[in-house]
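A closer look at the structure
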Amino acid sequence: MENSFTAVYEKIDDWYIGYVQELPGANVQERTLEEARESLREAIELILISNRELAEQQISGKDVVREQITVKL
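Residues numbered from 1 in each chain as written. Predicted model: local features only at pLDDT ≥ 70, side-chain atom pairs only at ≥ 80, totals over all residues. Heavy atoms only, no water.

Moving on to the overall build of the protein chain. Along the protein chain, the regular secondary structure elements total 1 helix and 3 strands. Starting at the N terminus and walking to the C terminus, you meet the elements of the protein chain as β-β-β-α. Computed over its C-alpha atoms, the radius of gyration of the protein chain comes to 16 Å, more than 25% above the 11 Å expected for a compact globule of 73 residues. Overall, the protein chain is about 50 × 25 × 15 Å in size when its C-alpha atoms are taken along their principal axes. Here the contacts in the protein chain between residues at least 6 apart in sequence split such that 17% fall between residues at least 24 apart. Looking at the protein chain as shown, the accessible area adds up to about 6300 Å², and 48% of this sits on carbon and sulfur atoms. The distance from the centre of the 8 positive side-chain charges to the centre of the 15 negative ones in the protein chain is 4 Å. (Helix = DSSP H or I, 4+ residues; strand = E, 2+ residues; numbered from the N terminus. Rg over C-alpha atoms; globule rule 2.2 N^0.38 Å. Contact = heavy atoms within 4.5 Å. Areas by Shrake-Rupley, 256 points an atom, 1.4 Å probe, with all protein chains shown as cover. Lys, Arg positive; Asp, Glu negative; His and termini not counted. Charge placed at Lys NZ, Arg CZ, Asp CG, Glu CD.)

This next bit is on a nonpolar patch on the surface. A cluster of nonpolar side chains, I69, V71 and L73, forms an exposed patch at the surface whose accessible area comes to about 430 Å². With respect to the helices and strands, L73 occurs in the segment after α1 (33-59). (Patch = residues over 30% accessible without salt bridge, like charges linked within 9 Å, V, L, I, M, F, W, Y side chains within 5 Å. Salt bridge = Lys/Arg side-chain N within 4 Å of Asp/Glu carboxyl O.)

Across the two faces of strand β2 (residues 15-20) the burial differs, with Y16, G18 and V20 buried and W15, I17 and Y19 not buried at all. For strand β1 (residues 7-12) and β2, the ladder comprises 6 bridges, and the chain directions are antiparallel. Bridge pairing in β2 links Y9 to G18. Count of turn residues in the β1/β2 antiparallel hairpin: 2 residues, of which D13 carries a positive phi of about 55°. Bridge count between β2 and strand β3 (residues 27-30): 4 bridges; the pairing is antiparallel. If you follow G18 over to β3, its bridge partner there is V28. (Buried < 20%, exposed > 50% of the residue type's maximum accessible area, 1.4 Å probe, protein only. Pairing = 2+ DSSP bridges.)

In structure tokens, the structure reads:
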């Protein structure tokens, strides 16, 4: 599954600060823009994996319906 997110990068002194508009908590700080891009991709992956694992724990043993949804913005 592929998703798209909006990454925002700001140069502050010698650092690049990056975050994802749609995903609170996905924040990075790196020396180069390329490092910030890669770190932000990794942060997104880790947050999504963690959120899925937490959701799995919360619905474990429950009678649930799962389905994929598409949202157009």
